[in-house]
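What the coordinates show
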Amino acid sequence: MFLDGPAGRLETVLAEPDSSSPRGVAVVAHPHPLYDGTMNNKVVYTLFKAFLELGFITVKFNFRGVGQSGGARNSGSDTGEGETADVLAVVETIRSRFTTQAGTPMPLLLAGFSFGGAIQAYAAQRLKPQKVVLVAPAVQRLNAPHIVQPSAKHDIEHTPEVLLIHGDQDEVVPLNSVLDWAGPQELPVVVIPRAEHFFHRRLHILKHVVLNSCRA
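Now for a description of the structure that goes with this document. Keep in mind that what you see is a predicted model, and the values were worked out from it rather than measured.

**With respect to the overall build of the protein**
Along the backbone of the protein there are five helices and eight strands. When the helices and strands of the protein are placed in sequence order, the string is β-β-β-α-β-α-β-α-β-β-α-β-α. Since a compact globule built from 216 residues should have a radius of gyration of about 17 Å, the 16 Å found for the protein is in line with a globular shape. When its C-alpha atoms are laid out on the principal axes, the protein stretches across 40 × 40 × 35 Å. Per-residue burial over the protein gives 53% buried out of 216 residues. Considering only intrachain contacts with a sequence separation of at least 6, the fraction spanning at least 24 residues in the protein is 69%. Taken together, the 19 basic and 20 acidic charged side chains of the protein have centroids lying 4 Å from each other.

**Here we look at the sheet that holds strand β8 (residues 189-192)**
Within the open sheet, the eight strands sit side by side as β1-β2-β4-β3-β5-β6-β7-β8. Their pairing is mixed. Looking at the sheet topology across the chains shown, the edges are occupied by β1 (2-5) and β8. Direction aside, the axes of adjacent strands within the sheet are offset by 25° on average. Bridge analysis of strand β7 (residues 161-167) against β8 gives four bridges, and the strand direction is parallel. Bridging from a neighbouring strand, Ile165 pairs with Val190 of β8.

**Considerations on helix α2 (residues 81-97)**
Taking 1.5 Å of rise per residue, 17 residues should cover 24 Å, and α2 covers 25 Å from first to last C-alpha, within 8% of that figure. Regarding α2, the residues found buried are Gly82, Glu83, Thr84, Asp86, Val87, Leu88, Ala89, Val90, Val91, Ile94 and Arg95. Looking at the buried side of α2, the elements it contacts are β1, β2 (8-15), β3 (24-29), β4 (56-61), β5 (108-113) and α3 (115-127).

**Some details on the side chain of His30**
Assignment of secondary structure puts His30 in the loop between β3 and α1 (42-53). A polar contact of 3.3 Å, which involves the side chain of His30, links it to the backbone oxygen of Gly37. Non-local contacts of His30, meaning those with residues more than four positions away in its chain, are made with Gly37, Thr38, Met39, Val44, Phe61, Asn62, Phe63, Val66, Phe113, Phe115 and Gly116.

**So, the environment of Ala72**
Structurally, Ala72 can be placed in the loop between β4 and α2. The exposed category is assigned to Ala72, whose relative accessible area is 59%. Through-space distance from the C-alpha of Ala72 to that of Asp36 is 14 Å; in sequence the pair is 36 residues apart. Not counting the four nearest positions on each side in its chain, Ala72 is found in contact with Arg64 and Gly65.

**Concerning the pairing of β2**
Relative to β2, β1 runs antiparallel, the two sharing four bridges. Across the sheet, Gly5 pairs through a bridge with Gly8, a residue of β2. Between β1 and β2, which pair antiparallel in sequence order, lie two residues. In this structure, β2 lies alongside β4, joined through four bridges in antiparallel fashion. For Leu14, the partnering residue across the bridge sits in β4 and is Val59.

**Considering the pattern of salt bridges**
In this structure the tally under the stated criterion is four salt bridges. Note that Arg73 is salt-bridged to Glu83, the shortest N-O span being 2.6 Å. Of this pair, Arg73 sits in the loop between β4 and α2 while Glu83 is found in helix α2, placing the two residues 10 residues apart along the sequence. Look at Arg73 and you get buried, because its relative accessible area is 15%.

**Some details on unusual backbone geometry**
When glycine is set aside, most residues are seen to have a negative phi, and most peptide bonds are trans. Even without being a glycine, Lys128 presents a positive backbone phi close to 50°. Mapped onto the secondary structure, Lys128 falls in the loop between α3 and β6 (131-135). Phi is positive for Arg194, which is not a glycine, with a value near 65°. Among the structural elements, Arg194 can be located in the loop between β8 and α5 (203-214). What makes Arg194 exposed here is its relative accessible area of 59%.

Thresholds applied
- Residues numbered from 1 in each chain as written.
- Predicted model: local features only at pLDDT ≥ 70, side-chain atom pairs only at ≥ 80, totals over all residues.
- Heavy atoms only, no water.
- Helix = DSSP H or I, 4+ residues; strand = E, 2+ residues; numbered from the N terminus.
- Rg over C-alpha atoms; globule rule 2.2 N^0.38 Å.
- Buried < 20%, exposed > 50% of the residue type's maximum accessible area, 1.4 Å probe, protein only.
- Contact = heavy atoms within 4.5 Å.
- Lys, Arg positive; Asp, Glu negative; His and termini not counted.
- Charge placed at Lys NZ, Arg CZ, Asp CG, Glu CD.
- Pairing = 2+ DSSP bridges.
- Axes fitted to C-alpha atoms, helices over the stretch in contact; angles between N-to-C directions.
- Expected span 1.5 Å × (residues − 1).
- Polar contact = N/O pair within 3.5 Å; in protein donor to acceptor, adjacent residues only side chain to side chain.
- Salt bridge = Lys/Arg side-chain N within 4 Å of Asp/Glu carboxyl O.

In structure tokens form, the structure reads like this:
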């Protein structure tokens, strides 16, 4: 299906769980468009399937200029401002479509892989999700902001649960860059041994970690 975005329509895939009472809405962002990143990426697909199994209304989409999404990416800029705006548009549309019986927005989970992970860090500042799942996020490359601010570390009501997953053999996003980003926020990082950036032959482990960590 297609949703209206700030730069044109956004190609989107949405799936609803079998449960009559979904846990919330999960929105998954894909890796870098300039390196063939799309919503069909295998890590994105793994996350999509995991959240659906966990009972979330799950959405993945193509950023502007990718696949059949309208608009174009500014290839000279890697700030991700346009892609962050795309996330905000998708979340606003989906949450307005699915509300609780009380008429309030459903709980929100933001997830992203690589470039998409860094974009979700930016989006989290605006959307205040309940959960954030970042897989090999390119936080250093995009100068991603902190999700948990020092002044809010003990504010459970307004601080999202954050799950960071990385491979110890990641050749694209250095593990140390994520550790340096996570340290000031006091966020643990789940490190998968012998996993490279795309989790080749380790996708089942990735899914297992997500299922176990987000089940509650």
